[in-house]
Each structure stands twice: as structure tokens, then as C-alpha cells.
Amino acid sequence: MSIEWVNQAIDDLRAWGRAREVEVDADEVRLLCDYASDYLNVNELGDFTPETFDELLLSIYPRKVIAPPESAAETVAAARILVVYLTEAGEVSEATAELMRGRLDDIAPRMREALADTANFGMAKSLFSSIGPESLEQAVAIPSGELPDLGEAPCDCPGCTPLPAARLAAPEDLMAALDGVPMLAEEPLPGGEPLEEWAQRVARVLEHDTGGAITGSAELDEGLYDLFDMLYRLQVRVPAAVIGDYLDEIAGEGEVDLPAVLDRLVWSGMLDVAADGAELTPLGVWGLREHYLTLGIEAPQAPDLAEADALGLIEGLLDGVPTELAEDDINRWLTGRGEGEAAAELLAAASGAPAVARGIAITIVDRLGSEAEPQVRDYLEDQELRPHAIHWLAARGLPAPSLTQDELLWVSVDMLALAMPAAEEDPEIFAENMAASGPPAHLIEEMWRVDHPDVVDVLELLGRSIPDGTVAKAARKAAFKARSRAIR
């Protein structure tokens, strides 16, 4: 989410309201803007469309925000004020605004129904709705690397920046891919072992003076090692514009014809380019890793997590896997076993595990259908997994016991513990989430009693992050009590 544009928009909206003596629910509009930015690629006010309000008010809002059905009228009213402002500020045309008003007329009664429908609730919302009027909606994120600035080349010393484990394609797939490389059609491999010859060709591209034979520019050819190395480290598709900025740095005063250069890199067999960006081909990854190995650089190979047991799957995801690969691994892992078997394996691996590992396991189990009921029900006697098992059963309309107050407190701490890695990575976003949908004060005040290994860390995090000074102070006092209880 771009916090800057939302902050500016709310400041301008408040000023507009004061100038016209219009009552503006700025907090409600901020929440709409935040969610539009987070989930609907709205990066400025002018990006709002009639369809945006459909997604926001009928899908995202009911899943993310705990609010009584009767509050729908207030939220729709805030959306109507936003439409008036969008029109007067020149962000949308009058014709578009009229379509928006028509959508809001249709949404108003349906939003009330959506807020009341428990099928819309995410796990965190469902649990916190049992506790108080507020909630924390925290997805369990599978760790992955940040996108660094490609304008800065990596350190020349290989030992300074260890390489991540790379996922390699099967040898037969690599062999088949060689037949589709345009460069090899024009300049065939000498005739030895094909993959070894390909590795040597990649090494020449990286290390030798190719004089512009690859990109059409001698300067750009010289910078390919750093570009490919960075793509290898990222293991995700990178926007073409980011690659263009990097190439512009190499070219200096020269102008880079980015589409032509990308076409040449596709021709070389090293790069796969699509509308949403570019990444190394499987042949590129394999050839680059072979080159690292010849240089004596440690280049670990990532296992295929679909072939692992449940513990290996969870540990592999915790090590950091690009989202698309993680989804593929999880789907193939689940395909290889029945739903009951998958639930039993995952819950066994989650029992006694740290909160983040448990969160990944529970997130995967949440994909399973009611066929897994017996295996999930088996964990109603497990102190740590019982609240999650109860929620899983209740969400599918299956008989389930009610959570006790102690269990509600425990699972609230557990869910916040799942959020800690993301909070440390981006404390500002976490603070905003706490302001919008954090646990209620009365819950925080009682958390110190919870027998959870992360309770002190959770309360200290809340004490640092919650914008409301009174609630933050309550969290810090609770953290002190929890530490004192642990000492005694």
C-alpha cells in the first residue's frame, strides 16, 4: 500500500469538508482507501471505479472488518461522500460518479447481508468476533525475498552474499527446452553432452567479451552478469521497467531500446519475458548455477517440496519460497494424498511447533474440505491446536465445542504471534492494521495471563505498535505482568 497517497487524500478530504461544512467520516474513508490500495491496485484517487466499490463493500470489507450489519449504512454513506469529493476534485467525471452512485444504491442493502454472513469471515475475524467488537485479520505469509534495487550491482566478493537455494527443472525438461532456444538454432552447440555445452555457452556470455552479440550493445553485454545474478537471487518475475532502469544505468548517456534488448535476451535463451515482467528461464537458472559451481561458489539446490513430508514442506516454505512456487508446491503436495491424510500429517507437524510454522500448517489445512473432519477432530485435545480445530469445524457447519475464555485469549496471542515476522519487516503497516482492526483493549489487558511462549513478545510488539496511547500503555503493563509471572 502506498501510505503517502492515502494520507494526502485524507488530508485533502478533511480540508474539503471543512471548507464546505460537510461532515466527513475520514476514518471510514481511510479504511476504504487502504483496502482499495492493498487489494485492488488503486494507487491514487482517480483509480476508483464503480466496480471498485462492489469489491470493497461486498467482498473485502465483510471479510476484513468486524462490524454489525446495521453499520453498513454508515460505510455506504462514507463512500457516497467520497464520490462527491472525487467529482468536485476532478478525479472522476460526472458520468462515472453517476455510475458510482447507482452502484452504491444497489450495494447498500446487500452489504448489510454480507456483513451478517459468517461465510465471509476469515479465521481471525471469526475468532475475534467471539471476543469483542474489533478484530485482527492477519494472513500467514510464506516468507519470500524483497525486490532490491537492480541499479546497484552485488558485492564482488561471492562470500559476502550467499546464494539462495535454486529450484532446478528436471534434466529431461531442460533438454527439451534447448530445442526452443533461437540462439542455438542459429549457432548450434558443438555436439558433445548438450547440457554441458549449454553451461559453457552461458559461461561465455557471462565472462567473455561478446562485443554486443547478445544485446546489441557492448556496454550492456558487459553488465549481463550482474543482471542475471540479481535475477537468480530474486527468483521472482521482475517488472520490465525495473530491468530498464538497471540497463539505463549501465548505458550511461546512451538510450536503451528496452523492448529490443529484452527480445535479444529471449533469443539468447536466458530470459522469459511476459506482460508482467521478466525472469530467468529454467535453462538460465541451470546454466548460471553451473557457472557458480565452476567458480567454487556455493550454490545450493532447493528441494521439490511436493515430494517432502509435512514437516519438510513447512520448513521449506519457512526458508522462503516465491509465491508462485509455493502455491504450486502446496497444490502438488495436497494432490499426492487424501484430505484426511494431509490434515493428519500437517497437524502432527504443527503440534508443538513455533507459532509461524503452526500458522503455515493451519493455513494449508484450512484449504481442506469436510472429508478431513475425523483427523481435525483428533486435535481437539491438543492445547495449542484445539482453538484452530474448533474454528475449522465450526466454519464448515460441523459440530464443535465452544471456546472457553482462556482458549479465546490463547488463540488471540497465537494469531498475533503469527503476525510478528511481518510486523518486524514492515512495522508501519502493522501499526496501521492495529489502528484499523486490532484486538480490543479489554482483551489486551488480560493477555498476560496466557500460558503462551510468545506472550511477552506479542504484548511488547503491541505496546510499540498501537497508535492509541492508552491502549499501548495497557499492552506494556500487560507485558510487564507477563514477564513477572514468567520470572516467578
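What you see is a predicted model, and the numbers here were worked out from it, not measured in a lab. (Residues numbered from 1 in each chain as written. Predicted model: local features only at pLDDT ≥ 70, side-chain atom pairs only at ≥ 80, totals over all residues. Heavy atoms only, no water.)

Novice: Mind laying out a positive patch on the surface, listing which residues take part and the relevant values?
Specialist: A surface patch of like charges, here positive, comprises Lys-473, Arg-476, Lys-477 and Lys-481. By the element assignment, Lys-481 lies in helix α25 (residues 469-487). For Lys-481, a relative accessible area of 38% corresponds to the partly exposed category. (Patch = residues over 30% accessible without salt bridge, like charges linked within 9 Å, V, L, I, M, F, W, Y side chains within 5 Å. Areas by Shrake-Rupley, 256 points an atom, 1.4 Å probe, with all protein chains shown as cover. Salt bridge = Lys/Arg side-chain N within 4 Å of Asp/Glu carboxyl O. Lys, Arg positive; Asp, Glu negative; His and termini not counted. Charge placed at Lys NZ, Arg CZ, Asp CG, Glu CD. Helix = DSSP H or I, 4+ residues; strand = E, 2+ residues; numbered from the N terminus. Buried < 20%, exposed > 50% of the residue type's maximum accessible area, 1.4 Å probe, protein only.)

Novice: I'd like a description of empty space enclosed by the protein, backed by residues and values.
Specialist: In total, this model carries 1 cavity of 30 Å³ or more according to the counting rule given. Put simply, the largest cavity is a space of about 70 Å³. In this structure, the largest cavity is lined by 10 residues; those nearest its centre are Ile-362, Val-365, His-388, Ala-389 and Trp-392. Looking at the lining of the largest cavity, the elements that each hand over two or more residues are α18 (355-365) and α20 (386-395). Looking at the lining of the largest cavity element by element, the count peaks at 4 residues for α20. (1 Å grid on protein atoms, 1.4 Å probe; cavity = no way out; pocket = protein on both sides within 12 Å on 5 of 7 lines; lining within 4 Å. Points joined across faces, edges and corners; volume = space filled by probe spheres on them.)

Novice: So what's going on with the side chain of Asp-454? Which residues, and what values?
Specialist: Structurally, the position occupied by Asp-454 is in the loop between α23 (441-446) and α24 (455-465). Buried charge without a partner: Asp-454 forms no salt bridge, and the closest opposite charge is Arg-358, 5.4 Å away. In this structure, Asp-454 is in contact with Ala-355, Ala-417 and Met-420, ignoring residues within four places of it in sequence. (Contact = heavy atoms within 4.5 Å.)

Novice: I'd like to hear about the packing of helix α11 (residues 224-234) against helix α14 (residues 282-294), residue by residue, with values.
Specialist: Contact geometry of α11 with α14 gives a least axis separation of 11 Å together with a crossing angle of 105°. Taken together, the axes of α11 and α14 lie roughly perpendicular to each other. Listed contacts from α14 to Tyr-225, Phe-228, Asp-229 and Tyr-232 of α11 are Val-285, Leu-288, Arg-289, His-291 and Tyr-292. (Axes fitted to C-alpha atoms, helices over the stretch in contact; angles between N-to-C directions. Parallel < 35°, antiparallel > 145°, perpendicular 65-115°, else oblique.)

Novice: Give a description of the pairing of strand β1 (residues 271-274) that names residues and reports values.
Specialist: Look at any regular strand and the pattern is simple: side chains alternate between the two faces of the sheet. The pairing of β1 with strand β2 (residues 277-280) spans 4 bridges and is antiparallel. Across the sheet, Leu-271 pairs through a bridge with Leu-280, a residue of β2. Hairpin connection from β1 to β2: 2 residues lie between these consecutive antiparallel strands. (Pairing = 2+ DSSP bridges.)

Novice: If you had to explain the pattern of salt bridges to someone new, which residues and values would you point to?
Specialist: Summed over the entire model, instances satisfying the criterion amount to 23 salt bridges. For Arg-110, the salt bridge goes to Asp-106, with nearest N and O atoms at 2.6 Å. Of the two residues, Arg-110 and Asp-106 are both situated in helix α5 (residues 94-116); the distance of 4 residues between them amounts to about one turn of the helix. By relative accessible area, Arg-110 is classed as partly exposed at 38%. Residues joined by salt bridges that share partners form a network here, namely Arg-167, Asp-304, Asp-328, Asp-329 and Arg-332.

Novice: How would you explain a negative patch on the surface if you had to name every residue and give the values?
Specialist: A cluster of acidic residues, Asp-245, Asp-248, Glu-249, Glu-255, Asp-257 and Asp-263, forms a negative patch on the protein surface. Ranked by residues supplied to the negative patch, first place goes to helix α12 (residues 240-251) with 3 residues. Secondary-structure assignment places Glu-249 in helix α12. A residue is classified by how much of its surface remains accessible, and Glu-249, at 57% relative accessible area, is exposed.

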